[in-house]
Amino acid sequence: MLQNSALTPEIEEWRGTIRQHALDCGLDFFEVIYELVDYDEMNMIAAYGGFPVRYPHWRWGMQFEALQKQYSYGLAKIYELVINNDPCYAYLMRCNPLVDQKLVMSHVYGHSDFFKNNSWFSHTNRKMVDTISNHAVRIRRHIDEHGQDAVEEFIDVCLSLENLIDPHLPYFSARAASPEVDQEDTSSGKPATRIPARPYMEVFVNPPEVLAREKEEILNRAEDTQKFPEHEERDVLRFLLHHGQLRRWQRDVLSIIREEAYYFIPQGMTKIMNEGWASFWHSRMMTRKILDSSEVVDYADHHSGTLCCSPGSVNPYKVGIELFRDIEQRWDSGRHGKAWESCEDLHGKTEWDDGKRRGMEKIFEVRKSHNDITFIDEFLTEDFCDQHKLFNYRYDRQMGQYVLDGRDFATIKRTFLDQLSNCGRPRIHVEDGNYCNRGELLLQHVWSGTPLKLDYARRTLENLYRVWGRPVHIETQIDGKTKILGYNGSRHDERTNA
Amino acid sequence: MRKIDPDTNRFRNIVRGKIRENLKQYISQGEMLARQGKNVVSVPLPQIDIPNFRFGSTDQDGVGLGEGEEGQPIGGEQALPGPEAGDQPGEHILEVDVSLEELAEILGEELELPRIEPRGTESIEVEKDRYTGIHRSGPESLRHFRRTFKAALRRQIASGSYDVKNPKVIPFREDRRYRSWNTKKVPQSNAVIIYMMDVSGSMGTEQKDIVRIESFWLDTWLRSQYKNLETRYIIHDAQAKLVDSHTFFHVRESGGTKISSAYNMAKDLIQKEFSPQEWNIYPFHFSDGDNWGGDDTAQCLKLLEEDLIPASNVFCYGQVKSAYGSGQFIKDLREGVGQNDKMLLSEINSREEILPSIKTFLRKGC
């Protein structure tokens, strides 16, 4: 079906040229393998989340249909698709004109560099293409054994809980590395630290009262740690994997969903930076090196198309590229740091230039160590907000729509960071795996000021129950009061905390 | 077959499950159905959204970018126009377009309608010649130059007489290739629907709506079965008139009712335009069952028995309940021609009965 995905000689030649330009710019990327595909293959791969092979599931079909329709009605088309893998795989649309292929190839080298060097990607699986097709094989095997309906239904259950993972877990490798947690140690209650000694020395080396005291201490400690889990567990999926009432194949499905969720999470954490970085480089390479004069108009049209903003949402491409450009400029002229900030002379500010030209160095440093939250936190300045007309909005209940709320820098920044925190999802952890001492599960929604969507929360609890096998609860706030929502397999309830 | 097709089919089946559940209420709400452009009906269907713990959308503030004053409403929450596939399901309703063919299929499945067979054994098959074949002999006017040239070239290369430096290709007699025809039998599948409606004073808006909705679905089903579907619309009170579809559904006359006038007109129409040998003929007549007294009903029965029923695949009569009509006509038909297999009668008392009525009319599949 993939008829011939090899590049045409013309594109192949440009690939070499662009690759060399990218290297000259200082980009350090995984090798990129480009494939030329038709629009429906492109849509198919996009529907599969970028991978050529996935396990059978209706949602790929749903996404595919949506993409096909968008494409055929001319509403949207996918320009670029790139997978974080070593080597990187990227897809070019066969019907695109050459100028678009050049743009996409330059853009993709930016992404590939980002994947390779940004530290938030450092723990991602670089052989994910293989891993994901292995997942497909495993799930197909379960389907053969248990039927498509059963497996698909359980996948839906898992997907409902998919976002209950700890985005920072991969960076604490000690915890991540040991998936099989030993819970045995503390409960054994073995005797206190008795030091071997000759019988006549025994009372002196191991005084009985000390031993008794130590033993008591250990018992006390054991009682303290009876809390289960010992610490709040943000990786709810792992907790369910170990302690949920699951059959073997279900456990395998859940572990697959969890692994894929972890793979995708750095992309959610660095959306603005990643797109900004790639756009920064495609723009620079295209305008300085690659473009033919006959292509300028088309390029400008497509470039502005990717950066355009609809009101009421922030286009990550736009914010990202402008921030990188802003950083480059500020560090080129030394417009940062204490001296700059405390300067109150307007003329001095407009003329400010320390001549150090450290901009390029700085943006490479930024792309290495930041994620979207720290990026916005550190580099979104008041000047930038003014220049790019950022505002914050809220929902006006009377008007029944979103209205512009203001242009106060502090508020904008706080709202922006709120939006980005935990990838815009509620923060939820396992509070108690033995709630009410009845083996029930209590999750805790860490209150950040925004309530949960309650109908969804209730239906999610139903799915959680399927995995946990005993009644499940979540503590959250509703109308300013702390409430516990519960589901016991047949009935929902809602009560205030006892 | 694409790799993703099984997933797409699965999704469609889930969605169709939804359509099926909604089908009944959906048929009785005619305004949901509109023909848009070319044969496409837009059925808004929710995208399947797996529940998870998420924030209520309207409770969340956000950051935007652009011009505007404080308090000014901003454009709706629209998906980002980016060149990359979004990974966030939008808060939108996905418009799943269902083509009329698909809709008919769903209808067929739901109502367990049989596919309509071509007319019996005596069905007309038309022979069509298509110039798709190649022969070694034929008139010079049909010589296929490229094939001939290729055959000659192949022969010359095989025999070693082809000279690269002097690439002359000379076809011999046996190299010549000619276009020729293949005869195909194409089953004749022309069909005509003749809609007849009583528009006398007693047929109110509700009655016409019922007729309209039912006609839409009949039309949809028959269109899926026949490539070439003609429709004719006849309205009648005491006189019959041939009208276009817009008039058919919107006109409101008043006056007496003489059903035979419509039947006469249908008979003429069939004689003039639609020979029963070549056409599948489906007359549908809707009325509130109130006919002029005297011998008009007898005349109708005579017309049906002698002309209309023999010429038609089936003759369908749907009687819509009305506050004014006596509803006598269907009883007369039942007595007169009720035993005839090709005469289908149905009473439609309310919107809910549209579905069973369609079933009655189309079940036979003839």
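As a reminder, the structure under discussion sits directly above these lines.
All of these numbers come straight from a predicted model, not from anything done at the bench.

## A word on the nonpolar core
Judged by nonpolar contacts, the single largest core of 72 residues is most densely connected at A:Leu240, A:Leu441, A:Leu443 and B:Phe53. Tallying contributions element by element places helix 11 (residues 248-269) of chain A first for this core, with 10 residues. Those residues in contact with A:Leu441 that sit more than four places away from it in its chain are A:Phe239, A:Leu240, A:Val430, A:Asp432, A:Gly433, A:Tyr435, A:Leu464, A:Trp468, A:Pro471, A:Val472 and A:His473. Membership of the second largest hydrophobic core comes to 61 residues, among which are A:Cys25, A:Trp277, A:Tyr317 and A:Cys385.

## Section: the sheet that holds strand 1 (residues 32-37) of chain A
All names here are of chain A. Strands sit in the order 1-3-2 across an open sheet of three strands; the sheet is mixed. Both outer strands of the open sheet, strand 1 and strand 2 (81-83), are each paired with one neighbouring strand and no more. On average, each strand axis in the sheet is tilted by 20° relative to the strand beside it, whichever way the strands run. Strands in contact with helix 2 (residues 39-47) are strand 1, strand 2 and strand 3 (88-93); relative to strand 3, the strand with the most contacts, it is inclined by about 145°.

## Section: the sheet that holds strand 9 (residues 481-487) of chain A
Residues and elements named next belong to chain A. The strand order 6-7-8-9-10 describes an open sheet built from five strands, whose pairing is mixed. Here the strands that pair on one side only, and so sit at the sheet edges, are strand 6 (427-435) and strand 10 (492-496). On average, adjacent strands in this sheet sit at an angle of 25° to one another, irrespective of strand direction. Sheet topology places strand 6 next to strand 7 (residues 440-446); six bridges connect them, and they run antiparallel. Across the sheet, residue Ile428 finds its bridge partner in strand 7, namely His445. Packing of helix 10 (residues 236-243) onto the sheet brings it into contact with strand 6 and strand 7, and relative to strand 6 it is tilted by some 25°.

## Looking at helix 4 (residues 98-117) of chain A
Helix length check: helix 4 of chain A, at 20 residues, gives a terminal C-alpha distance of 29 Å against a target of 28 Å (1.5 Å per residue), a fit within 8%. With 18 of 20 residues buried, helix 4 of chain A lies mostly within the body of the structure.

## Brief notes about the pattern of salt bridges
Scanning all chains against the criterion turns up 37 salt bridges over all chains. A:Glu152 serves as the salt-bridge partner of B:Arg10, at 2.8 Å between the closest nitrogen and oxygen. Here A:Glu152 lies in helix 6 (residues 148-161) and B:Arg10 lies in helix 1 (residues 5-27), a pairing that spans two chains. The class for B:Arg10 is partly exposed, based on a relative accessible area of 22%. A relative accessible area of 6% means that A:Glu152 is categorised as buried.

What counts as what
Residues numbered from 1 in each chain as written. Chains lettered and ligands numbered in written order. Predicted model: local features only at pLDDT ≥ 70, side-chain atom pairs only at ≥ 80, totals over all residues. Heavy atoms only, no water. Core = buried A, V, L, I, M, F, W, Y, C linked by side-chain atoms within 4.5 Å. Buried < 20%, exposed > 50% of the residue type's maximum accessible area, 1.4 Å probe, protein only. Helix = DSSP H or I, 4+ residues; strand = E, 2+ residues; numbered from the N terminus. Contact = heavy atoms within 4.5 Å. Pairing = 2+ DSSP bridges. Axes fitted to C-alpha atoms, helices over the stretch in contact; angles between N-to-C directions. Expected span 1.5 Å × (residues − 1). Salt bridge = Lys/Arg side-chain N within 4 Å of Asp/Glu carboxyl O.

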